[in-house]
Every structure is written in C-alpha cells, then in structure tokens.
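Structural overview for review
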Amino acid sequence: MKKYLAELVGTMVLVLMGCGSAIFNFGVGSTAQVLTVAFGFGLSVVAMAYTIGKVSGCHINPAITLGVFLSKRMSAKDAAMYMLFQVLGAVIGSAILFAIVSSIDTGSASYIAQSGSFATTTGANGLQPGVSFTGGLIAEIVFTFVFVLVVLGTTSKGGAGNFAGLAIGLSLLLVHIVCIPLTGTSVNPARSIGPALFQGGEALSQLWIFIVGPFVGAILASLVWKIVDTEAQEA
C-alpha cells in the first residue's frame with residue numbers, strides 16, 4: 001500500500017505543478033510560456049523521483065507502468081494498482097487546482113478566460129488549432145515512446161543509477177518543449193484524465209487520444225528496449 005500511496009502523491013504533485021504552471025502563467029501561447037510549463041512538468045518529475053523513487057520507483061504515469069510491466073519488472077497486480085492510484089492522484093491534483101481557480105475573483109483572473117485554447121481552468125490536454133486527430137495521436141505515440149524508452153534505459157541494470165531521475169525529468173522537459181504546440185503534451189494518461197474530468201466538453205471528447213497514444217507508445221518502447229537491451233541479450 002505504501003507504494004500505491006506514493007504513486008498517488010507523486011501524480012498529484014505532477015498535476016499540481018505541471019498543470020498549475022499552465023493555468024497560472026497565462027497558458028502556453030508564447031515561447032516563454034511553453035518553457036515555463038515544460039520546466040513545471042520536468043522539474044516535478046525530478047523532485048518526485050528523488051522523493052518517492054525509493055518507495056515505488058516513481059512511475060506517476062500509467063504509460064511508464066505499462067512499459068515497466070511489459071519489461072517484466074513488476075507484477076500485473078502491482079501494475080493495475082499503480083495505474084489506479086496514479087489516476088486518483090491526478091484527480092485529486094486537478095480538484096485542488098479547480099478549487100483554487102474557482103476561488104479567484106473573476107475580474108482578477110480574466111486572463112484565464114482570454115488566453116486561448118491552451119489556457120483552461122484545469123490544464124486539460126487538447127488538440128491545438130490545425131492539428132488533426134491523426135497528427136495528435138501520432139505525436140502522443142512518438143513522444144511517449146521516446147519518454148518511456150528513456151525511463152526503461154536509465155532505470156535498467158547498468159543504467160544511469162542515481163542520475164536516472166534527473167535524466168527522466170529532463171527528457172520529459174524536452175518532450176514538452178516539442179509537443180506542447182501540438183497537443184499540450186500528455187504522454188501520461190493519468191495527467192490527462194484528471195483535468196479532463198473537471199474541464200468536460202472537448203477535453204473529454206478528445207481524451208481517448210491521450211490514453212491510446214501514450215499506451216501505444218509505451219508498448220513500442222518496451223518492444224524496442226527488449227531488442228536493444230544488452231542485459232536481455234546476455235540473459
């Protein structure tokens with residue numbers, strides 16, 4: 001249970017800091033705003049990796065959990081429970097953000113309503129203007145693939161060791177810099193589910209992209225890592 005609770009807390013913090021950076025910094029309409037949000041997510045992962053990593057491994061992402069499970073590093077029961085508690089953590093984090101936004105004077109927070117499709121009261125993911133369903137899905141598959149591959153590699157035997165958390169956080173930052181203008185960047189179904197439940201509307205109708213895409217990307221990453229992993233070949 002400690003592992004599951006650690007995943008809940010870690011995912012809650014990820015949503016609070018990552019989505020919060022988008023909500024309270026006027027969205028991601030400019031380069032500076034994109035970098036702010038990218039750092040919000042990346043640094044959240046670094047912080048949690050060195051906080052709860054020793055307890056649960058700090059997945060805080062169902063796509064990572066799927067990749068780890070397919071790599072035979074955890075049981076099906078633990079994988080299912082990790083995913084459940086990650087989603088619960090994301091919902092709690094989103095509820096806190098929604099409560100904060102709802103308590104702000106409308107006049108003072110007018111920027112939230114005027115910042116375009118990126119800025120919502122929850123930080124929900126969504127396809128950006130001109131991005132098709134196919135384009136968004138491909139983006140989520142590809143960038144989740146890259147992210148999960150980094151996770152599997154850095155946490156493997158002979159990997160990055162104590163520097164794994166830093167490498168993973170920086171790779172998430174990099175993924176956000178590239179993918180935010182396309183989908184707002186999910187690469188994490190829990191991170192998308194929580195905000196979408198409070199946002200409703202289009203966020204819910206597009207939610208499948210941010211569940212299917214990351215899971216497909218994680219599956220591909222686990223397959224590729226199985227091929228290139230030298231430890232697996234030696235075994």
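Look a little higher up for the structure.
Everything in this summary refers to the structure shown in the same document. (Residues numbered from 1 in each chain as written. Predicted model: local features only at pLDDT ≥ 70, side-chain atom pairs only at ≥ 80, totals over all residues. Heavy atoms only, no water.)

1. A closer look at the pattern of salt bridges
Applying the stated rule across the entire model yields one salt bridge. Where Lys 3 meets Asp 78, a salt bridge forms, and the shortest distance between an N and an O atom there is 2.9 Å. One end of the pair, Lys 3, is in helix α1 (residues 2–23); the other, Asp 78, is in helix α4 (residues 76–103), with 75 residues separating them in the sequence. Owing to a relative accessible area of 31%, Lys 3 belongs among the partly exposed residues under this scheme. On the basis of relative accessibility, which here comes to 16%, the residue Asp 78 falls in the buried class. (Salt bridge = Lys/Arg side-chain N within 4 Å of Asp/Glu carboxyl O. Helix = DSSP H or I, 4+ residues; strand = E, 2+ residues; numbered from the N terminus. Buried < 20%, exposed > 50% of the residue type's maximum accessible area, 1.4 Å probe, protein only.)

2. As for a nonpolar patch on the surface
A surface patch of nonpolar side chains, about 580 Å² in accessible area, is lined by Phe 133, Trp 208, Val 212, Val 216, Ile 219, Leu 220 and Leu 223. If you tally residues by element for the nonpolar patch, the top one is helix α10 (residues 209–228), at five residues. Within the fold, Leu 223 resides in helix α10. Residue class for Leu 223 comes out partly exposed when judged on its relative accessible area of 46%. (Patch = residues over 30% accessible without salt bridge, like charges linked within 9 Å, V, L, I, M, F, W, Y side chains within 5 Å. Areas by Shrake-Rupley, 256 points an atom, 1.4 Å probe, with all protein chains shown as cover.)

3. Looking at the packing of helix α3 (residues 62–70) against helix α6 (residues 133–154)
The geometry of α3 relative to α6 is characterised by a closest axis approach of 10 Å and an angle of 55° between their N-to-C directions. Taken together, α3 and α6 sit at an angle that is classed as oblique. At the point where α3 passes α6, the crossing takes the right-handed sense. Here Ala 63, Ile 64, Gly 67 and Val 68 of α3 lie close against α6, whose contacting residues are Thr 144, Phe 147, Val 148, Val 151 and Leu 152. (Axes fitted to C-alpha atoms, helices over the stretch in contact; angles between N-to-C directions. Parallel < 35°, antiparallel > 145°, perpendicular 65-115°, else oblique. Left-handed = near helix turned anticlockwise from the far one by under 90°. Contact = heavy atoms within 4.5 Å.)

4. A word on α10
In this model α10 runs 28 Å from its N-terminal to its C-terminal C-alpha over 20 residues, within 8% of the 28 Å that 1.5 Å per residue would give. Taken together, the buried positions of α10 are occupied by Ile 209, Phe 210, Gly 213, Pro 214, Gly 217, Ala 218, Ala 221, Ser 222 and Trp 225. In this fold, the buried residues of α10 make contact with α3, α6, α7 (164–183) and α8 (189–199). (Expected span 1.5 Å × (residues − 1).)

5. What to know about helix α2 (residues 31–56)
Most pronounced at Tyr 50, the bend in α2 amounts to some 50°. Positioned one or two residues after α2, Gly 57 has a phi angle of 90°, which is positive. (Bend = angle between axes of the 7 residues up to and from the residue.)

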